[in-house]
Amino acid sequence: MTRYTRKFLSVLGMSAMLAAGAAHAQDKKVSIVDDRGVTVEVPAQPKRIASISYFADDVALALGIKPVASTYMTAGREPGFLLGLTVGMKQIGQRAKPNLELLSEAKPDLIIAIRRYTVGNAAQLQNIAPYVAYNMELLEESYSETAALSKLLGKPERGEQLNADFRKHLAEFAAKAPRDKHPRFLIMWGGATPFAFHTENTSASIVAAIGGDNVPGPKTPGGEFGIDLSLETMLEKDPEVIFVYDSGPDRPHESNPIWSQLSAVKNNRVFYVGDQWVETNGPIAREIVLREAAHYLYPDTFPAVDVKAEAAKLMPAELQN
């Protein structure tokens, strides 16, 4: 056997060992407990992430990872706070009604889902790929969920840094907000009977943290994160600033004559806000909501927000090209 032959075989053997090691890493599983309280075996190095909600898209993009599939909030509308990058992912339906056939076609090795919309078909999801569900409702959950998913995706330090940065920014904005102003606010889905959010909800928590006074107040222990709020009750509380989730042109609340009597409406302080106000638990969304809320509450103190410019600061440049 010549020296060159021995060298070739040595290199070939090393390549085979590296390939085997990579395959072994891919086969390795880790156990986690999700917000259902269910223990799930997931890949140690997931490569093909599917997101049911924008939360996993948000976290993954902040970590420099692009999911292969995503649900949407409104068909045909790519979220600006994610720089429209979801357009390059396989669309698998609305977040409340994910299409399992399309999801299967995406061949994910990990599904990250919003719990309340997916517990009913958990078994079917688990048959497609390991399925992890998070609540994605409250600000305190935002920190724990961001940390947990960052760890799951192999970047725990980055997740902890994103959480630390947001806590710092929230405190800085709160310190800068006018201390003598506490505008009454409301965050709602539009409708004949609007659905409004208690203070623990992530978006409402952020607005309250910088001095806003949330009209629905805190939730009852063990209760829901939101409440049906009639326009009559809304008029009694008379919010000064209203944030409405913009889910399209259908706005039946505006047809009610009470709507025009609200101070927020009279003073042009009703803001139809983007998807980041609905899916706020990710690190990109919550940073943008903080800046938008500060401007809408205190326009003389905080500047208007360029959503895409702010989002771009939180994603690696290579993902944006």
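Residues numbered from 1 in each chain as written. Predicted model: local features only at pLDDT ≥ 70, side-chain atom pairs only at ≥ 80, totals over all residues. Heavy atoms only, no water.

K.L.:
Sorry, what's going on with the overall build of the chain here?
P.N.:
Along the backbone of the chain there are 13 helices and 13 strands. Along the first, second and third principal axes, the C-alpha atoms of the chain reach 95 × 40 × 35 Å. Taking all 321 residues of the chain together, the buried fraction comes to 50%. Sequence-distant contacts in the chain: of pairs separated by 6 or more residues, those separated by 24 or more amount to 62%. For the chain, the accessible area works out to roughly 15,100 Å², and carbon and sulfur atoms hold 53% of it. Between the mean site of the 34 positive side-chain charges and the mean site of the 38 negative ones, the chain shows a separation of 8 Å. (Helix = DSSP H or I, 4+ residues; strand = E, 2+ residues; numbered from the N terminus. Buried < 20%, exposed > 50% of the residue type's maximum accessible area, 1.4 Å probe, protein only. Contact = heavy atoms within 4.5 Å. Areas by Shrake-Rupley, 256 points an atom, 1.4 Å probe, with all protein chains shown as cover. Lys, Arg positive; Asp, Glu negative; His and termini not counted. Charge placed at Lys NZ, Arg CZ, Asp CG, Glu CD.)

K.L.:
Please explain the pattern of salt bridges as it appears in this structure.
P.N.:
When charged atoms on two side chains of opposite charge get close, those side chains can pair. Taken as a whole and judged by the stated rule, the model has 10 salt bridges. Note that R95 and E279 form a salt bridge whose closest N and O atoms lie 2.8 Å from each other. With a gap of 184 residues between them, R95 in the loop between β5 (90-94) and α3 (100-105) and E279 in the loop between β13 (270-273) and α11 (283-297) connect regions that are remote in the sequence. You'll find R95 and E279 in the same group, each marked buried. R184 is the partner of E240 in a salt bridge, and the nearest nitrogen-oxygen pair spans 3.4 Å. (Salt bridge = Lys/Arg side-chain N within 4 Å of Asp/Glu carboxyl O.)

K.L.:
Explain the packing of aromatic side chains here, please?
P.N.:
We describe a pair of aromatic rings using the distance from one ring centre to the other and the angle between the two ring planes. Scanning the entire structure with this criterion turns up 15 aromatic pairs. Measuring from ring centre to ring centre gives 5.2 Å for F173 and F302, while their planes differ by 10°; the resulting arrangement is stacked. Of the two residues, F173 is situated in helix α7 (residues 156-176) and F302 in the loop between α11 and α12 (307-312); the sequence distance between them amounts to 129 residues. For the pair formed by F173 and F302, the shared burial category is buried. Between F195 and F197, the aromatic rings sit 5.3 Å apart at their centres with planes inclined by 90°, giving edge-to-face as the arrangement. Classification of F195 as partly exposed rests on a relative accessible area of 25%. Looking at F197, the relative accessible area reads 4%, which means it is buried. The aromatic ring of Y117 is capped on one face by R116, whose charged end is 5.2 Å from the ring centroid. Its end group placed over the ring of Y272, R251 keeps NZ or CZ at 3.6 Å from the ring centre. (Phe/Tyr/Trp six-rings, centres within 6.5 Å; stacked < 30°, edge-to-face > 60°. Lys NZ or Arg CZ within 6 Å of the ring centre and 35° of its normal.)

K.L.:
Quick question: what am I supposed to make of helix α8 (residues 202-209) here?
P.N.:
Residues three or four positions apart in an α-helix share a direction because the helix packs 3.6 residues into each turn. Among the eight residues that make up α8, six are buried, leaving the element largely enclosed by the rest of the structure. When α8 is considered as a whole, its buried residues turn out to be T202, S203, A204, S205, I206 and V207. In the segment just after α8, G211 is the residue with positive phi, at about 110°.

K.L.:
Please clarify how the nonpolar core should be interpreted in this entry.
P.N.:
Most often, soluble globular proteins have nonpolar side chains that are buried together. Ranked by size, the top nonpolar core spans 82 residues in total, and within it I112, L149, I187, F243, W277 and I284 carry the most contacts. The element best represented in this core is α11, accounting for nine residues. Apart from residues lying up to four places away in sequence, I284 is in contact with D58, L61, A62, F81, L82, A311, L314 and M315. Of all hydrophobic cores here, the second largest spans 14 residues; its members include M188, A196, L229 and L231. (Core = buried A, V, L, I, M, F, W, Y, C linked by side-chain atoms within 4.5 Å.)

K.L.:
Hey, could you run me through the packing of α7 against α11 in this one?
P.N.:
If you want to describe how two helices pack, look at the angle between their axes and the distance between the axes. Where α7 meets α11, the axes come as close as 10 Å, and the angle between the chain directions of the two elements is 5°. Regarding the angle of α7 to α11, the classification is roughly parallel. Residues L162, N163, D165, F166, H169, L170 and F173 of α7 touch α11, and the partners they reach there are P283, R286, E287, L290, R291 and A294. Here the residues of the contact of α7 with α11 are counted per class, giving seven nonpolar, two polar and four charged. (Axes fitted to C-alpha atoms, helices over the stretch in contact; angles between N-to-C directions. Parallel < 35°, antiparallel > 145°, perpendicular 65-115°, else oblique. Nonpolar A, V, L, I, M, F, W, Y, C, P; charged D, E, K, R; others polar.)

K.L.:
Would you explain the pairing of strand β3 (residues 49-52) in this entry?
P.N.:
Working note: regular strand, side chains alternate between the two faces of the sheet. Of the two faces of β3, the one lined by I49 and S51 and the one lined by A50 and I52 are each fully buried. In the sheet, β3 pairs with strand β6 (residues 110-114) via four bridges, with the strands oriented parallel. If you follow S51 over to β6, its bridge partner there is I112. As paired elements, β3 and strand β4 (residues 69-72) share two bridges and run parallel to each other. (Pairing = 2+ DSSP bridges.)

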